[in-house]
Amino acid sequence: MANYCMSRYRIFRNLLHTGSVLDSISARCTTRLCLELRPRLELPCQRAVHTQGGDTIFALSSGQGKCGVAVIRVSGPQAKESIHQMCSFRRFPAPKSTQLRRIRDTDTKEPIDRGLVIWFPSPKSFTGEDCVEFQVHGGPAVIAAMVTSLGKLPSYRHAEPGEFTKRAFMNGKLDLTEVEGLGDLIHAETEVQRKQALRQMEGDLGKLYTDWRNRAMKAVANVEAFIDFSESDTLEEDLLCEVTAEVDRLWTEITTHLSDHRRGERLREGVHVVIVGRPNVGKSSLLNSLCQRPAAIVSPIPGTTRDIVETALNVGGYPVLLSDTAGLRETEDFIEKEGVFRALQRAKQADIKVLVIEATEFVHLLQTDSIDDIMINHLKDIGLVSRLQQNTVSPVNVQTVTKDGDLQDDANFISNVGELIVVLNKCDLISDVDLAFIEDIVQKKGCLSVCHLSCTSGHGMEEFLKVLQRRLAHVCGNPLAGSPSLTQARYRFHLEKCQGHLENYKKYMELGDVVLAAQSLRKVLFDIGKITGRITTEDILDIIFKDFCVGK
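The structure presented is a predicted model; accordingly, all values stated were derived computationally and were not measured.

Caption draft 1: How the structure looks around the overall build of the protein chain. Counting secondary structure elements, the protein chain contains 21 helices and twelve strands. Of all 552 residues assigned to the protein chain, the portion counted as buried reaches 50%. Across the protein chain, every contact between residues at least 6 apart in sequence was considered, and the portion connecting residues at least 24 apart equals 69%. Accessible area of the protein chain: about 26600 Å², with a carbon and sulfur share of 51%.

Shown next as structure tokens:
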């Protein structure tokens, strides 16, 4: 009962303070409910300032190694003391003003360096605490002297990884989505990753989730008011109808957000692209050409590649994890058979498959078969279709496979090969007439991505990269367009739970159980709060902050 009352009191106290519910419930009604519940409850505590027993922390915030300028950050209740002990000022510096001063050792008063000092008083700092930044020359000896000197001050200690950002979160300067966006920005390796991380760090995703939580809170308040004051004249007659309509809108928006084909997650983690095909068609040569180094062994002996060779690439600003695999064929060799199995498994997991075929073989088959028949038969021959159609991810759209496991009509099959790029390698071994013939047929077909190139001469490689980049853009989307992308698996987990809670609300309302319906809406508040950090545990925080560098 106490938990139930606490939940209701917290909701109505917050709503009364913000005024967000006064347009649907009278102020008198809301105030009355708060006064009824308050004697039974204690006021919920605000989030405490996270200073770990009053410790002041310091660390190098700029990159490690020799550099022109190094930034050493200090944060905590005694941060101002570092300025008094290490610098000489007739008058204490104004906030956020840059002062050039000789910086001295806190104990011996010997000069360490001449650098810039910036004072950030609480709460207008990154952490929300008193902060100081020393910008000194980036030599290892200077940095070591600064860190040693700061460590001599009372209540000062070296910061743990991510502790500055953790204090910013605990002091309400960032929510968890912004914290994770900052972490992604630090680790971003490509331009498109940077754009997505920056948008999340600036709060776009957090604002979306906060809006959903506020609307769900308003819906809870309305249902709670109906439970306690349904016989009062102060409530609108269609109050529950409005709540149900709002629940439907929330469910639709969350469902649309979840139906993003994992674009944000793929962009954050890297798009998995796998090269598959028969032995000796040039898969390893293609990998080496793309990464511009001999990453894989190339030889005329079939079955040279046994294990998966993986390399990370930046293709047009998109992060790619490119894998070369064993040639797909029937074999009695135990080790090669294992390599074929791993190749098929990797193809199953890949976001994009690059199927390599010899151009000479393709020209020969075009004399008797259509391009549709060639592709279907080739995918069957190398075992790609029969293997992948047992799983949810395949080189064809799952709708092209019937319940009995048979492929539908050929045209529908080819038109749904969305994640497949066909590469006709060794095009330098065919004539210009045959090459023009292939281009004409592929252009007429239109629905299939077919590139012809030569890994030996480099011909066609630029066009292949353009096709791959367009496919990557389709898979990842534009992180700056439309609604912000869902970037973390934990967001998806909690939002899927929200979907279920909203569906349960509607079920309980149909059964006439308003109390359980209200409880379902409170669970929505809980799960969205877990995303933004309004509701959290130390275990979750440890996981999130452990990947930050020491000075962040």
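Caption draft 2: Expanded view of helix H3 (residues 79-86). By the burial criterion, the buried members of H3 are Ala-79, Ser-82, Ile-83 and Met-86. Projected down its long axis, H3 shows its buried positions confined to an angular sector of 100°, all on one face.

Caption draft 3: Seen up close, the packing of aromatic side chains. Enumeration over the complete set of coordinates arrives at four aromatic pairs. Their ring planes at 35° and their centres at 6.3 Å tell us that Phe-58 and Tyr-156 sit as a pair that is tilted. One end of the pair, Phe-58, is in strand E1 (residues 56-60); the other, Tyr-156, is in strand E6 (residues 156-158), and 98 residues separate them in sequence. Each of the two residues, Phe-58 as well as Tyr-156, counts as buried. A ring pair is formed by Tyr-209 and Tyr-491, whose centres lie 5.9 Å apart and whose planes are at 80°; its orientation type is edge-to-face. Highlighted residues: Tyr-209 in helix H8 (residues 204-229) and Tyr-491 in helix H19 (residues 489-511), separated in sequence by 282 residues. Tyr-209 sits in the buried class, given a relative accessible area of 0%. What makes Tyr-491 buried here is its relative accessible area of 0%. Residue placement shows Lys-506 over the ring face of Trp-251; its charged tip is 5.3 Å from the ring centre.

Caption draft 4: Layout of the sheet that holds strand E7 (residues 271-277). What the six strands build is an open sheet, ordered E8-E9-E7-E10-E11-E12; its pairing is mixed. Edge strands, defined here as strands with exactly one partner in the open sheet, are strand E8 (309-315) and strand E12 (449-452). On average, adjacent strands in this sheet sit at an angle of 25° to one another, irrespective of strand direction. Sheet topology places E7 next to strand E9 (residues 318-324); five bridges connect them, and they run parallel. Looking across to E9, one finds that Val-274 is bridged to Ser-323. Against the sheet, helix H14 (residues 371-381) makes contact with strand E10 (352-358) and strand E11 (420-425), and its axis sits at roughly 100° relative to E10, the strand it touches most.

Caption draft 5: Seen up close, unusual backbone geometry. A cis amide bond, omega 0°, links Ser-122 with the succeeding residue Pro-123. The topology assignment puts Pro-123 in the loop between strand E4 (111-120) and strand E5 (131-138). Despite not being glycine, His-261 shows a phi value in the positive range, around 55°. The residue His-261 is located in the loop between helix H9 (239-258) and helix H10 (263-269) in this model.

Caption draft 6: Spatial organisation of the packing of helix H6 (residues 176-187) against helix H7 (residues 191-201). At their nearest, the axes of H6 and H7 sit 7 Å apart, and the two run at 155° to each other. Overall, the two elements H6 and H7 adopt an arrangement that is roughly antiparallel. For the element pair H6 and H7, the recorded crossing hand is left-handed. Contacts between H6 and H7 involve Thr-177, Glu-178, Glu-180, Gly-181, Leu-182, Asp-184 and Leu-185 on the former and, on the latter, Arg-194, Ala-197, Leu-198, Gln-200 and Met-201. Its residues assigned to classes, the contact of H6 with H7 comprises five nonpolar, three polar and four charged.

Caption draft 7: Seen up close, empty space enclosed by the protein. According to the stated counting rule, one finds one cavity of 30 Å³ or more in the structure shown. The computed volume of the largest cavity comes to approximately 50 Å³. If you tally residues by element for the lining of the largest cavity, the top one is H7, at three residues.

How each quantity is defined
Residue positions within a chain follow its written sequence, with the count starting from 1. At least 70 in pLDDT is required for a residue's local features to be given in this predicted model, at least 80 for side-chain atom pairs to be given and counted, and no such filter applies to totals for whole chains, interfaces and linings, which use all residues. Excluding hydrogens and water, the side-chain figures rest on all heavy atoms present in the structure. Numbering of helices and strands runs from the N terminus; a helix is a DSSP stretch of H or I covering at least four residues, while a strand is a stretch of E covering at least two. Note on classification: 1.4 Å probe, protein chains only; a residue is buried when its accessible area is under 20% of the maximum for its type, exposed when over 50%, partly exposed between these limits. The criterion used for residue contact is that any of the two residues' heavy atoms lie within 4.5 Å. Only the protein chains shown count as covering a residue, and every accessible area follows the Shrake-Rupley method with a 1.4 Å probe. In this description, one arc is meant: the one made by directions from the helix axis to the C-beta atoms. Pairs were defined over the aromatic rings of Phe, Tyr and Trp, the Trp ring being its six-membered one, requiring ring centres within 6.5 Å. Orientation was assigned from the angle between planes: stacked under 30 degrees, edge-to-face over 60, tilted for the rest. Each ring is checked for a lysine NZ or an arginine CZ that lies within 6 Å of its centre and within 35 degrees of its normal; such an atom marks a charge sitting over the ring. What makes two strands pair is DSSP finding at least two bridges between them. Here the axes come from fitting lines to C-alpha atoms, over the contacting stretch only for helices, and the angles between their N-to-C directions go from 0 to 180 degrees. Any angle that is under 35 degrees is reported as roughly parallel, and any over 145 degrees as roughly antiparallel; angles of 65 to 115 degrees are reported as roughly perpendicular and all others as oblique. It is the rotation of the near helix from the far one that decides the hand of a crossing: anticlockwise by less than a right angle makes it left-handed, clockwise makes it right-handed. As a working rule, the residues Ala, Val, Leu, Ile, Met, Phe, Trp, Tyr, Cys and Pro are called nonpolar, Asp, Glu, Lys and Arg charged, and the rest polar, with Gly in that last group. Here a cavity means grid points, on a 1 Å grid over the protein atoms only, where a 1.4 Å probe fits yet cannot get out; a pocket means an open set of points with protein on both sides within 12 Å along at least five of seven lines; lining residues are those with an atom within 4 Å of a point. Grid points are joined across faces, edges and corners, and a volume is the space filled by probe spheres set on the points.

Keep in mind these values describe shape, not function.
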